[in-house]
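Residue strings, one per chain:
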Amino acid sequence: MARPNEEVEALLREYADLIAITGGDAFKVRAYEKAARAIGGHPEDISRLDADGLRDIPNVGRSIAEKVVEYLRTGTVSVVEERRSRIPAGVRELVAIPTLGPKKALRLYEDLHISSVDELAAAIEADALHDLKGFGEKTQENILHGIALLRQAGGRIPLHLAMDAAEDIVAELSEVKGCRRCTYAGSLRRMKETIGDIDILVAAARSAPFMDALAALPSTAEVIAHGAKKRSVRTTKGVQVDLRVLPPVSWGAGLQYFTGSKAHNIRTRTIAVRQGLKLSEYGLFDVDSGTSVASRSEEDVYARLGLPWIPPTLREDRGEIDAALRGELPELVTERDIRGDLHTHTDLTDGLAPLETMVTAAAERGYAYYAVTDHAPNLYMQRMTDEKILAQRERVRALDGAHRGMRLLHGTELNIDPEGEVDWPDEFLAGFDLCVASLHSHFDLDRKAMTRRLVRACENPHVHVIGHPTTRLIGKRPEVDADWDEVFAACARTGTALEINSQPDRLDLCDEDILRARQYGAKFAVNTDAHSVLHLACLRFGVGTAQRGWLTPKDVVNTWPLSRLRRFLRKDGSV
DNA sequence: GCCGTTTTCGGCCCGACTGTTTTCAGTCG
């Protein structure tokens, strides 16, 4: 979503890279990186802020606020332009190569005038680096390897693939003799939508058996690093896995440390330092005496820092530390809170499983209610008709309550056309218990038209949920361009829920959009958009995303009892 | 460049691994 916050975030990140490459102060680099993150994640549109308003954003001070104001006014920042003129854009691309940082990038540019990834690959092939200081044979090999990976994967993998791989590895290592604890940590535990690498932690007295077991797994393609305390491998699917084995007494500190995020850890370490303590993966230590004061559990570590345990999905330095200090951490929505799925398909349209199969599987998940929402006629390839959907309604009514008492809602997934209209006239729509409405085409309308389209859908009294609101596909298709502040406000005003679509290639809304929509008081529905029984289990990713958006059960309509949900579906403001 | 119960200067998280400059710089998380 191209809004000023993201533009400025990208600009500040670029400036930070350029400072690093030209050998600037490392702390200055960090300051720009921190400010970039803060602005990118700021819920308010920064173009509506003046310099003082900008300085209220954490990690934005006088100098950066001035640069942002300059950018918003003129579209450029003179000092950034000045650095750009000294360092070609291609040199900055070099630091995206694993094992190649700003120092090596600058040497390549200054000594050999290499200013793109392609030029670097060619130079290595031509053996042009042979007497360049710091670029031995092994280093060149690593760079070539890194370039290949960069071109192949773009670096990150989808959450569900990482989860599958991690759960397999955890299961294997848990079987190794001497294993006291084993789990995954890192961005996977925080449920980020894409994962750079998988962090696995083991608590055991001896590390070697686990290091060897990891290297010996059939899924392991190559060993990248093999120290005594850390082992890194690459799987056959190209995912990097880092294994750390910790003494059992350090389990809590290790888990906290390797869960991150980096920004969250910097905050917790800073709190430790102020108390005369030092926090590492081995424990929380008194600086003077060197004695450990906490390490066995995450709860112990946080408690000794004066904090309650903070759920991993919140650990992004987006205000969770301050909320914890105030005792105001949200009671996050969990998978157990979800009473039903409000967006699912059957083989009447493009689902794989028949109605009865989906309903049975849903009942086995313990749901109190479940909505069947097959596609409406305007998604022409699905060939929906009035007769087919009415016949399905009869079958749904017949199954209502037949599985563990689970109540069934008959719904549909409508198509929002470019004008904001949906399939079927009002009187026909009134026959549904629930309507999801989604964008399925015309993704390239301009912002004004797209905003109007979505707002009109919200204003339709028969539309209860906006499905996968931005229609992004992670790594494939960007979010559609709309004034999301206006859309989110319309959702709150009209009592239309925003979907958090749990499909791992969607996760739409994403965490940052949720944080923004929440400011307007909008409600949400965490749905799977299941097209198969297996898809029902994707709910965990949607719930993880909702947690990353700080949502509580009261924000999520499908945690509510059916009676309350039905009042919400009346759209008359009675909830 | 940011920040402040260490408050306008001086610190900014900390440790691991790799390759090579053989005692440490660069990179990573």
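Note: the structure precedes this text.
Residues numbered from 1 in each chain as written. Chains lettered and ligands numbered in written order. Predicted model: local features only at pLDDT ≥ 70, side-chain atom pairs only at ≥ 80, totals over all residues. Heavy atoms only, no water.

Q: Could you give an account of the sheet that holds strand β8 (residues 277-280), with specific residues and numbers?
A: Ordered in space as β8-β9-β10, the three strands form an open sheet in which the pairing is antiparallel. Where the open sheet ends on each side, the last strands, each with one partner, are β8 and β10 (292-294). Between one strand axis and the next, the sheet turns by 35 degrees as a mean value, whatever way the strands run. With four bridges joining them, β8 and strand β9 (residues 283-286) adopt antiparallel strand pairing. Bridge assignment links K278 to a residue of β9, and that residue is F285. Sitting on the sheet, helix α14 (residues 262-274) is in contact with β8 and β9, with an inclination near 155 degrees to β8. (Pairing = 2+ DSSP bridges. Helix = DSSP H or I, 4+ residues; strand = E, 2+ residues; numbered from the N terminus. Axes fitted to C-alpha atoms, helices over the stretch in contact; angles between N-to-C directions. Contact = heavy atoms within 4.5 Å.)

Q: Mind laying out the nonpolar core, listing which residues take part and the relevant values?
A: Core analysis: the largest hydrophobic core is formed by 59 residues, its most contacted members being Y370, L414, W424 and L454. Among all residues touching L454, those that are not within four sequence positions of it are I416, L439, I466, P469, A482, W484 and V487. With 31 residues, the next largest nonpolar core counts I157, A162, V233 and C538 among its residues. (Core = buried A, V, L, I, M, F, W, Y, C linked by side-chain atoms within 4.5 Å. Buried < 20%, exposed > 50% of the residue type's maximum accessible area, 1.4 Å probe, protein only.)

Q: I'd like a description of the pairing of strand β13 (residues 407-415), backed by residues and values.
A: Taking burial as the measure, the nine residues of β13 include eight buried ones, the bulk of the element. Sheet topology note: the β13/strand β14 (residues 434-438) ladder contains five bridges and is parallel. Counted as the bridge partner of L414 is A437 from β14.

Q: Lay out the protein's contact with DNA strand B in plain terms, naming residues and giving numbers.
A: If you check the shell around DNA strand B, you find 46 residues, and the closest are R30, N59, T99, G136 and K138. Counting only atoms of DNA strand B within 4 Å of the protein, the sugar-phosphate share comes to 76%. Note that a sugar or linking oxygen of DNA strand B is positioned 2.8 Å from one of the side-chain N or O atoms of R269. In the model, a phosphate oxygen of DNA strand B is placed 3.3 Å from a nitrogen or oxygen of the Y282 side chain. At the level of secondary structure, the elements contributing two or more residues to the surface near DNA strand B comprise α2 (26-40), α4 (62-74), α7 (102-112), α9 (137-153), β5 (220-226) and α14. The class makeup of the residues in the surface near DNA strand B is 17 nonpolar, 11 polar and 18 charged. (Near = heavy atom within 4 Å. Polar contact = N/O pair within 3.5 Å; in protein donor to acceptor, adjacent residues only side chain to side chain. Nonpolar A, V, L, I, M, F, W, Y, C, P; charged D, E, K, R; others polar.)

Q: Can you lay out the packing of aromatic side chains for me, pointing to particular residues and giving the numbers?
A: Aromatic rings in a pair are described by how distant their centres are and how their planes are angled relative to each other. Evaluation of the coordinates by the stated rule reveals seven aromatic pairs. Residues Y15 and Y32 carry aromatic rings whose centres are separated by 4.8 Å and whose planes lie at 90 degrees to one another, so their mutual orientation is edge-to-face. With Y15 in helix α1 (residues 4-21) and Y32 in helix α2, this residue pair connects regions lying 17 residues apart in the sequence. In this pair, the class of Y15 matches that of Y32, namely buried. When the ring of W424 is compared with that of F428, the centres are 4.9 Å apart and the planes differ by 35 degrees; the resulting orientation is tilted. Take W424 and F428: they sit in the same class, and that class is buried. (Phe/Tyr/Trp six-rings, centres within 6.5 Å; stacked < 30°, edge-to-face > 60°.)

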